[in-house]
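An overview of the molecular structure
Here is how the chains run, residue by residue.
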Amino acid sequence: MDARRTVKISKYLAKHLRHRPERIGLTLDAGGWARVPDLLDAAARHGFPITRAELEHVVAVNDKRRYALDGDRIRAVQGHSIEVDLDLPVVPPPDLLYHGTPERHAESIRREGLRPMGRHAVHLSADDETARRVGARRGAPVVLVVEAGRMAADGHEFRVSANGVWLAGAVPPEYLR
Ligand code: HQG
């Protein structure tokens, strides 16, 4: 499959497994899982036919391992705006985590901390380089350093998605460098 088709399918999955399943009449369970046959039917009915083989390929080669296929079900492993319970355990974070953002957000973030905005959690990266790439999606990036170890010691909870994205409810400004 060519790279353009792969990206197109991945974006289609992100839209409907993270944000707007109802747009194609798809129902996700509490954990965010869709039944694969339901997803393929719904996509076909809404003018975007995907084969099972294509779906498996996209999940397997996805650059960020955004999707989990488990037998006959599939879900996005992070990034939701709709209510889902990924049922991830609380785990101790590394001392430092990183958040990349476009420069224009930095002042507001330094003032009020990191908020989940349209998503269910604040997304943090384990390394500076990944964070820089995340920030660069929308402009010249700055990378903020989060004192995650100190936050956890103060009682804040961290979880990590299956693809290694760290998730926190919010990051108060006093933990940002
Ligand atoms: C910013 C992609 C002003 C925040 C990436 C970000 C990631 C504030 C934007 C994943 C703020 C929200 C998530 C505040 C936060 N004032 N701006 N107080 N608090 N922000 O897309 O972290 O490719 O929801 O800095 O790789 O950019 O989709 O979050 O710029 O892992 O798999 O508000 O999305 O993954 O934007 O990206 P987003 P994000 P995928």
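The structure displayed is predicted, hence computed values, not measured ones.

Around the ligand, the structure places 17 residues, and the nearest of them are Thr101, His105, Ser108, Met117 and His123. Looking at which domains feed residues into the shell around the ligand, each of domain 1 (3–76) and domain 2 (96–175) supplies at least three.

Below, the discussion takes up unusual backbone geometry. Notably, Arg65 is not glycine yet its phi reads approximately 45°, a positive angle. Structurally, Arg65 is set in the loop between α3 (52–61) and β2 (67–70). Residue classification places Arg65 among the partly exposed positions, given that 15 C-beta atoms sit within 10 Å. Even without being a glycine, Met117 presents a positive backbone phi close to 50°. Examined against the element boundaries, Met117 turns out to sit in the loop between α4 (103–112) and β5 (122–124). The exposure class assigned to Met117 is exposed, which follows from the 9 C-beta atoms found within 10 Å.

So, on to the nonpolar core. Core analysis: the biggest nonpolar cluster contains 18 residues, and Leu97, Tyr98, Leu124, Val146, Trp166 and Ala168 have the highest contact counts within it. Within the residue set of this core, elements represented by two or more residues are β4 (96–102), β6 (141–147), α6 (148–153) and β8 (166–168). Core analysis: the next-biggest nonpolar cluster, separate from the first, contains 11 residues, Ile9, Leu39, Val58 and Val77 among them.

Attention now moves to the pairing of strand β3 (residues 73–76). Here 2 bridges tie strand β1 (residues 34–35) to β3, and the two strands are oriented antiparallel to one another. Along β3, the bridge assignment pairs Arg35 with Arg73. Counting the residues between successive antiparallel strands, the hairpin from β2 to β3 contains 2 residues, one of them, Gly71, with a positive phi of roughly 60°.

Our next topic: the sheet that holds β5. Spatially, 3 strands are ordered β5-β8-β7 in an open sheet, and the strand pairing comes out antiparallel. Two strands bound the open sheet, and with one partner strand each, they are β5 and β7 (158–160). Strand-to-strand twist of the sheet, defined as the mean angle between neighbouring strand axes without regard to direction, takes the value 30°. Looking at chain direction, β5 and β8 are connected through 3 bridges and run antiparallel.

Parsing the protein into structural domains produces domain 1 (3–76) and domain 2 (96–175). Between the C-alpha centres of domain 1 and domain 2 there is a distance of 27 Å.

Cut-offs applied
- Residues numbered from 1 in each chain as written.
- Predicted model: local features only at pLDDT ≥ 70, side-chain atom pairs only at ≥ 80, totals over all residues.
- Near = placed C-beta within 6 Å.
- Domains from an automatic or database assignment.
- Helix = DSSP H or I, 4+ residues; strand = E, 2+ residues; numbered from the N terminus.
- Buried ≥ 20, exposed ≤ 12 C-beta atoms within 10 Å, placed from the backbone.
- Core = buried A, V, L, I, M, F, W, Y, C linked by C-beta atoms within 7 Å.
- Pairing = 2+ DSSP bridges.
- Axes fitted to C-alpha atoms, helices over the stretch in contact; angles between N-to-C directions.

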